[in-house]
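Architecture at a glance
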Amino acid sequence: QLQSIGKSITTAEAPIKEKYARKILLGTHKEGGAVTFWSHVVSLPLASNAILSWKFCHMVHKLLRDGHPNTVRDSRGHVPSIKQMGILWGSLHDRYGHIVALYAKFLCIKIDFHCKHKEIPANLETPDEVLERTIAVDINKVISLYCCACDVVFRQLETNSTSSTTSVGQCRLAPLVLVIQDCSPLYHYLVKLLFKLHSRIPVDALLGHRERFRNQFDNLTQFFEKARGMEFFKTIIQIPDLPDSPPNFLRAASLADHVKPVVVRNQELPDDDDTETQLDFGEAPVDPVLRETEVDSLRRELEAVKPELQMFKAEAQRAVVQLKEQVNMLEAELEEQRTHKQMALVENEHLRMEVEALRTQSAVAASLQASADDAGSRAQTAQMHFSRLKEKHAELVTRHADLMRKNADMVKQLSSTQQAQEELFKTKEQMAQELEQLRQEKYTKEQQLELDKLKRELELKRAEAFSAQTALQSKETGDQLSSVLAEKEVLLRSVKEQEAELINLRQAAKMHQATLVQERERSQRETSSLQSQLQAKSSRESMLQQKLQEEQFCLLQCAVVEAEGIILDAVAKVDDPMHVRCVSTPEYLINRAKTTLVSIDKMQQSHAGYLRNMDDASGLLRAVTQFSHLAADTIVNGAATAHAVPTDEADRLTDNCRDCATHCLQFLKELKLKPTLQRADPTAIRYVVQRILNQGHDLQHKDADIQKAELADLVDTEMAATSTAIEEAVLKMDEILSQARRDTSGVKLEVNQSIIGSCSDLMKAIHMLVTAATDLQKDIVESGRGAGSVKDFYAKNSCWTEGLISASKTVGWTATQMVESADKVVTDRGKYEELIVCSHEIAASTAQLVAASKVKADRSNKKLHTLQHASRHVNDMAAVVVTSTKAGQMQIEDKNPMDFSGISLIKLKTEEMESQVRVLELESKLSSERQRLGELRKKHYELSGVPLDQPVERNYDRFASVLPAAMPEPPFIPNILKKLIPCEKMQKIDWKLKK
């Protein structure tokens, strides 16, 4: 077994012989494991030769498939060394490097897969019952690596023009036989598992699985088609045919149409020295002559039996192949019958579930249709009501303002009327009192005077009468009595006149008093009517104010309902599976959360203002609308940010978004109802949004740390990508040259060969420079990181790392542009000046890469001298490209001499003036184009990281020419690289570039 291992895993570029591989496999079965194999293989120099590593991976794959079952267990401890070998060859650009890296990665995944799922053997031959128990297996990754490795192998064969019939081509293609044998059962596993998943899981949740399977199906079909067209595979195996289109997993009955692809190996002739005959003689003494005769006879018999034995072996092999085919056919038929039976059951169950689902969906659809119609009508009604309310609101506001002005005027008039009425009433009362007093005083005085007067007169008359009577009685009886009676009658008439005058005065006083009473009653009636009008106006004003408040609150309710819809839509997007593909950054989430906090403060102020004056809700309406949009934006962007962060952080951020939505809906519900309007408080919302803001800051810091940690991987990736781009550019140059030789001839062919040859030499020189820069960069890292890791070194020197990455990207891009420009020039679709400009840019970008690499390098480092020599070689090749381009341009351009025959002096002068005009126009265009070039370069350096306060010190007004004579102009080094380079080195670099 050890001898076979040494003969099979060699550095010769030829496939492994089957006899050695068979002995190694038999050794594992005899030993019961692969301990002997791994104990010998660990001493092989796998890191020194890629072909040795390729054959080692091939042999390990054979052991895993056909060796003893314990081989997987014994190989598990060697997975780290296989992985390290793959990483080593993946970073080196060798013919076998990339495919060895892919093969090593596949072997690690295969060993881990079979160690995790021990019920599936390494040859992948397992019954369906065992397969159904391993439903969680992800085989897509294995098939992806298969197809990727096969694609790389085929591409290398086409690039190097290697035939599959040579030993070199067979060395690369031999492991693909095992790959084809693995792909067929893996494809069958995938189909069975996806049908099983579709019978248990909703269809929408498996959309990504179907897309991945469709990609793997296309890759596997292309791989089988390429392999089927190669003669090497036709002599070894029979590649099965895959269907034209992938199975329809949405229809369960499609499982019955699936046929398991079976790979059949063709008959293999045994090796010449495969059969070894060993004769075992006893230790008894034998006559030498007799022994010789017996040996001769046995040899003759052996020679006679050998053809018959070979024929028997061939017949047995054919019989075995036929029996295997029959067994495979029977197994396929049995599998098909089982599949039909299972699919009938599954389809029956699926149909029953579909019927129930259709019934449920029909009921739900009817209810949804009714609710949708109802909601649509309600929405239209609400919209119409809202528009009418807005119009009414505007009209009421106008009428309210008019009524307020009229009310103020009426209040002023009423107050003045009331004051005048009060003054009149007071005046009337005073006049009535004074009149009553006067009347009483007058009446009393007059009566008293009259009575006194009458009493006096009566007394006098009585005395006179008594005296007259006495006198009459005594002396005069006749004449005196008649005079007394006459006087008495006069006095009586005067008394009656005075009484009549007194009665007239009493009637006049009564009439005056009645007039005053009527005037007072009229004033009271006017006062009561004015008071009733004032009360009616005040009640109407209160009704209008109440109606205005109700309309304002109705508008607020409409705005709150719309805000609730916006928040509910944001919550629905959080749980929507289609939203999983949407991602956001912590910076944008922080911006949204800060804006939401400001809107919460504005809404709280507007809420307090509305509670003070409920006649105007416009401020609160604007605040609620703005708050709902910003809160929904924060919730949606929080969920989108959660899609791009680790699981724990994502769960916590999603929970905070849901809490924010819950508190927002609770707050809006309180705003919508009058009983809870007073106690509505957005403090809980502010607290949750503040938590989202703090978590966004934490995620922003973590992203910065992760970016620093990824710098190391990014440097290696960019350097490898640059090297790959340059290699592809060299191959593309060869294709362009071949196409030019087919399509052109003569001077054009000579020019194209010269230009493409110089461009190809330039690409090779750039490849050498990138390789030297990569070696120097690794040396710098190893010498500068000390006890720390490589990632720590890159994170510590992040500015230098970013400059190195930028320079590597620029080199790869300029190489690609050079290839495109050369292709355009050869096909007469481009200009020669494009090649010259590309040469300038290549020289500048390589100078930038060299400057970035020299920053931290030691002057005595040999790799630094190699890099400098490669840089000088690149400059020389760039000058050759410019020279060959100009020479070719001069050969192709037709310069016909001017014909001055028959031209007059006036016409000659006219043409001279026109030529001067064209010269001035071209100079003006050249000046404007130079200014534009200067602005473009300024903007480029600004976007590259050059601060605006440190302008680039270049004089664009004195820019020499776009077409230099031989050498390109010294490349410009941005200020971001000048910061990384010490002053002494920077001065030397500037001096060398100018030189």
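Criteria and thresholds
- Residues numbered from 1 in each chain as written.
- Predicted model: local features only at pLDDT ≥ 70, side-chain atom pairs only at ≥ 80, totals over all residues.
- Heavy atoms only, no water.
- Helix = DSSP H or I, 4+ residues; strand = E, 2+ residues; numbered from the N terminus.
- Contact = heavy atoms within 4.5 Å.
- Areas by Shrake-Rupley, 256 points an atom, 1.4 Å probe, with all protein chains shown as cover.
- Axes fitted to C-alpha atoms, helices over the stretch in contact; angles between N-to-C directions.
- Parallel < 35°, antiparallel > 145°, perpendicular 65-115°, else oblique.
- Left-handed = near helix turned anticlockwise from the far one by under 90°.
- Nonpolar A, V, L, I, M, F, W, Y, C, P; charged D, E, K, R; others polar.
- Salt bridge = Lys/Arg side-chain N within 4 Å of Asp/Glu carboxyl O.
- Buried < 20%, exposed > 50% of the residue type's maximum accessible area, 1.4 Å probe, protein only.
- Core = buried A, V, L, I, M, F, W, Y, C linked by side-chain atoms within 4.5 Å.
- pLDDT = per-residue confidence, 0-100.
- Phe/Tyr/Trp six-rings, centres within 6.5 Å; stacked < 30°, edge-to-face > 60°.
- Lys NZ or Arg CZ within 6 Å of the ring centre and 35° of its normal.
- Expected span 1.5 Å × (residues − 1).
- Polar contact = N/O pair within 3.5 Å; in protein donor to acceptor, adjacent residues only side chain to side chain.
- Patch = residues over 30% accessible without salt bridge, like charges linked within 9 Å, V, L, I, M, F, W, Y side chains within 5 Å.
- Lys, Arg positive; Asp, Glu negative; His and termini not counted.
- Charge placed at Lys NZ, Arg CZ, Asp CG, Glu CD.
- Disulfide = S-S within 2.5 Å.

1. With respect to the overall build of the chain
- Looking only at helices and strands, the chain features 27 helices and 2 strands.
- Sequence-distant contacts, at least 24 apart, represent 80% of the contacts inside the chain between residues at least 6 apart.
- Carbon and sulfur atoms form 55% of the exposed surface of the chain, whose accessible area is close to 59200 Å².

2. A short note on the packing of helix H2 (residues 18-31) against helix H4 (residues 50-66)
- Interaxial distance between H2 and H4 falls to 10 Å at its minimum, and their mutual angle equals 50°. Relative to H4, H2 is oriented oblique. Relative to H4, H2 is oriented so that their crossing is right-handed. Residue-level contacts link Glu-18, Ala-21, Ile-24, Leu-25, Thr-28 and His-29 of H2 to Met-59, Lys-62, Leu-63 and Asp-66 of H4.
- By residue class, the composition of the contact of H2 with H4 is 5 nonpolar, 2 polar and 3 charged.

3. Topic: the environment of Trp-38
- With respect to the helices and strands, the residue Trp-38 is situated in helix H3 (residues 35-41).
- Sequence spacing of Trp-38 and Thr-71 is 33 residues, and the spatial spacing of their C-alpha atoms is 9.9 Å.
- When neighbours within four sequence positions are excluded, Trp-38 is seen to be in contact with Phe-56, Val-60, Asp-74, Ser-75, His-78 and Ile-82.

4. Some thoughts on the pattern of salt bridges
- Throughout the structure, instances matching the rule amount to 17 salt bridges.
- Between Lys-573 and Asp-569 there is a salt bridge; the shortest N-O distance is 3.8 Å. Within this pair, Lys-573 and its partner Asp-569 are both found in helix H14 (residues 479-574), separated by 4 residues, close to a single helical turn.
- Owing to a relative accessible area of 37%, Lys-573 belongs among the partly exposed residues under this scheme.
- Its salt-bridge partner being Arg-686, residue Asp-601 comes within 2.8 Å of it at the nearest N-O pair. With Asp-601 in helix H15 (residues 586-612) and Arg-686 in helix H18 (residues 683-709), this residue pair connects regions lying 85 residues apart in the sequence.
- By relative accessible area, which is 23% here, Arg-686 ends up partly exposed.
- Here the residues in one salt-bridge network are Arg-65, Lys-110 and Asp-182, joined through shared partners.

5. Some details on the nonpolar core
- Counting 50 residues, the largest nonpolar core has Met-733, Leu-762, Met-763, Ile-766, Met-818 and Leu-849 as its most contacted members.
- Going through the elements one at a time, helix H19 (711-743), helix H20 (747-784), helix H22 (798-826), helix H23 (832-854) and helix H24 (862-892) are the ones with two or more residues in this core.
- Broken down by element, this core gets its largest block of residues, 14 residues, from H20.
- Excluding residues within four positions of it along the chain, Leu-849 makes contact with Leu-769, Val-770, Ala-773, Leu-804, Ala-807, Ser-808 and Val-811.
- Among the nonpolar cores identified, the runner-up in size contains 47 residues, and Ile-566, Leu-620, Cys-664 and Leu-671 belong to it.

6. Points about the confidence of the model for the chain
- A residue-level look at the chain finds 76% of positions with pLDDT of 70 or above and a mean pLDDT of 75.
- For residues 946-995, every residue scores under 50 in pLDDT, and the model assigns this stretch 78 contacts once sequence neighbours within four places are set aside.

7. A closer look at the environment of Leu-776
- Of note, Leu-776 is situated in helix H20.
- Judged by its relative accessible area of 0%, Leu-776 falls in the buried class.
- Spatially, the C-alpha atom of Leu-776 lies 6.5 Å from that of Leu-864, the residues being 88 residues apart in sequence.
- The residues touching Leu-776, leaving out its near neighbours within four places in the chain, are Ser-853, Ala-857, Asn-861, Lys-863, Leu-864 and Leu-867.

8. Some thoughts on the packing of H4 against helix H10 (residues 167-198)
- At a minimum axis separation of 10 Å, H4 and H10 run at an interaxial angle of 25°. Here H4 is positioned roughly parallel relative to H10, judged by the angle of their axes. For the pair H4 and H10, the sense of crossing is left-handed. Seen from H4, the contacting residues are Ile-51, Trp-54, Lys-55, His-58, His-61, Lys-62 and Arg-65; seen from H10, they are Cys-171, Arg-172, Ala-174, Pro-175, Leu-178, Val-179, Gln-181 and Asp-182.

9. Structural notes on the packing of aromatic side chains
- Applying the stated rule across the entire model yields 13 aromatic pairs.
- Note that Arg-172 overlies the ring of Tyr-96, its terminal NZ or CZ placed 4.9 Å from the centroid.
- It is Lys-674 that lies over the ring of Phe-553; its NZ or CZ is 5.3 Å from the centre.

10. Side note on H4
- An ideal rise of 1.5 Å per residue puts 24 Å on 17 residues; H4 measures up with 24 Å between its terminal C-alpha atoms.
- With 16 of 17 residues buried, H4 lies mostly within the body of the structure.
- A distance of 2.9 Å separates the backbone nitrogen of Ile-51 from a side-chain oxygen at the start of H4, and that oxygen is part of Asn-49.

11. So, a positive patch on the surface
- Taken together, the side chains of Arg-399, Lys-406, Lys-537, Arg-540 and Lys-547 define a basic patch exposed on the protein surface.
- Secondary-structure elements contributing two or more residues to the positive patch are helix H13 (288-474) and H14.
- Top contributing element to the positive patch by residue count: H14, with 3 residues.
- Relative to the elements of secondary structure, Lys-406 occurs in helix H13.
- When its relative accessible area of 54% is taken as the criterion, Lys-406 is described as exposed.

12. Looking at the side chain of Ser-75
- One can find Ser-75 in helix H5 (residues 70-75).
- Those residues within four positions of Ser-75 in sequence are excluded, and the remaining contacts are Trp-38, Leu-64 and Ile-111.

13. Topic: the state of the cysteines
- Following the criterion strictly, the structure yields 0 disulfides and no others.
- Distance from the sulfur of Cys-108, which forms no disulfide, to the nearest cysteine sulfur (Cys-57) is 8.7 Å.
- In this structure Cys-664 is a free cysteine whose sulfur lies 4.0 Å from that of Cys-660, the closest cysteine sulfur available.

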